[in-house]
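# Structural overview
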Amino acid sequence: MSKGIYLSSPEHYEILIEKYDTWMFDCDGVLWHDDQLIEGAAEVLKILRTRNKAIVFVTNNATKSRKTYKRKFDGLGVEAYLGEIFGSAYASAVYISSVIKLSKSKKVYVIGMIGIEEELAEEGISCIGGTDPADRTVEPFSLSNFTLDPEVGAVLCGFDPFINYTKLSKAFQYLSRNPGCHFLATNTDSSFPADGGVLPGAGAISAPLRFALDKDPLVIGKPSITMLDCIKAKIDFDPKRSIMVGDRLNTDILFGQAGGLSTLLVLTGITSEKDITGPNASSIVPDFVTQSLGDLRAAERSSR
Ligand SMILES: O=C(O)[C@H](O)[C@H](O)COP(=O)(O)O
Ligand SMILES: [Mg+2]
């Protein structure tokens, strides 16, 4: 089973940089862990910009809006522009407004963070739930205290560290009692690489709802082509001259492959060596593999 071309020499990295005009980067596990930049990542982005490469950031992390991500990049001293940033909260809000075309009189019940609320507001879509303190209760949920809001036309579920039985029960009411209510998920990553280890991801937040409803949501984020459509609506690129750099096989690499891009897997996030070699290797095979994005700094030395 081919396991992708392991890059190791400065020449390898130089050839790779020369070969692609558009570089799409996953964020968690590629550029950073939480607020800790991965060594060399910022330098590599600088090298690519000096080589006139197009840069796109594509994250399934729905906790932040594009504007908040721009502030995060600024705070970390990493050059980035709002138009380069695509998060699953943004893609979900665009999907609801432009594809579903949810009436402006309708609302979205949100399981998730302020990133989703801000992107929905940008699209002129009202929402309830989300960061509402009333939903963050530890009190048991009772239907006697619940009134279904007839204006809720969609439930959008993203990463929510305040997940609880109340949030799940309210979402369950909207989805089980209104057959026309859309069930959407920003992404279904099972876990994510945090600073210091791995934590349950957005997929672990929506899993109880999927089980209770015996129904899967429409997933907006990687590997869904919906996320790529959102990028294509804003950025022209030639998939044959583009590469997707990610740390997760079943989101980032599948996303790149679905879009006809080349793919580079880095081992600084979720995927480790044992996932791509040996008897239990995944059937998802990236084009290229390297330990860390920072390895591409070596290209500079070979081009001197
Ligand atoms: O759990 C999540 O929401 C995602 O796993 C996490 O945020 C991944 O973000 P990405 O690696 O796509 O930047
Ligand atoms: Mg990642």
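Parameters at a glance
Residues numbered from 1 in each chain as written. Chains lettered and ligands numbered in written order. Predicted model: local features only at pLDDT ≥ 70, side-chain atom pairs only at ≥ 80, totals over all residues. Heavy atoms only, no water. Pairing = 2+ DSSP bridges. Helix = DSSP H or I, 4+ residues; strand = E, 2+ residues; numbered from the N terminus. Contact = heavy atoms within 4.5 Å. Axes fitted to C-alpha atoms, helices over the stretch in contact; angles between N-to-C directions. Salt bridge = Lys/Arg side-chain N within 4 Å of Asp/Glu carboxyl O. Buried < 20%, exposed > 50% of the residue type's maximum accessible area, 1.4 Å probe, protein only.

## As for the sheet that holds strand 13 (residues 218-219)
Taken in spatial order, the 5 strands of this open sheet run 8-7-9-10-13, and their pairing is parallel. Both edges of this open sheet fall to strand 8 (126-129) and strand 13, since each of them pairs with a single strand only. As paired elements, strand 7 (residues 107-111) and strand 8 share 4 bridges and run parallel to each other. When the bridges of strand 8 are listed, V110 appears paired with G129. Here helix 5 (residues 114-122) sits on the sheet and contacts strand 7, strand 8 and strand 9 (152-157); the angle it forms with strand 7, its principal contact strand, is near 165 degrees. Its contacts with the sheet place helix 7 (residues 202-213) against strand 7, strand 9 and strand 10 (182-185), and it is angled at close to 150 degrees to strand 10.

## Here we look at the pattern of salt bridges
According to the stated counting rule, one finds 19 salt bridges in the structure shown. Ionic pairing is found between D21 and R241, a salt bridge with its closest N-O pair at 2.9 Å. Of this pair, D21 sits in the loop between helix 1 (10-19) and strand 2 (22-25) while R241 sits in the loop between helix 8 (225-232) and strand 14 (242-246); the two residues are 220 residues apart in sequence, bridging distant segments of the chain. A relative accessible area of 32% means that R241 is categorised as partly exposed. Linking D275 and K274 is a salt bridge whose minimum nitrogen-to-oxygen distance equals 3.3 Å. On the basis of relative accessibility, which here comes to 23%, the residue D275 falls in the partly exposed class. Judged by relative accessible area, which is 60%, K274 ranks as exposed. A network of salt bridges, in which partner residues are shared, links E14, E18 and R51.

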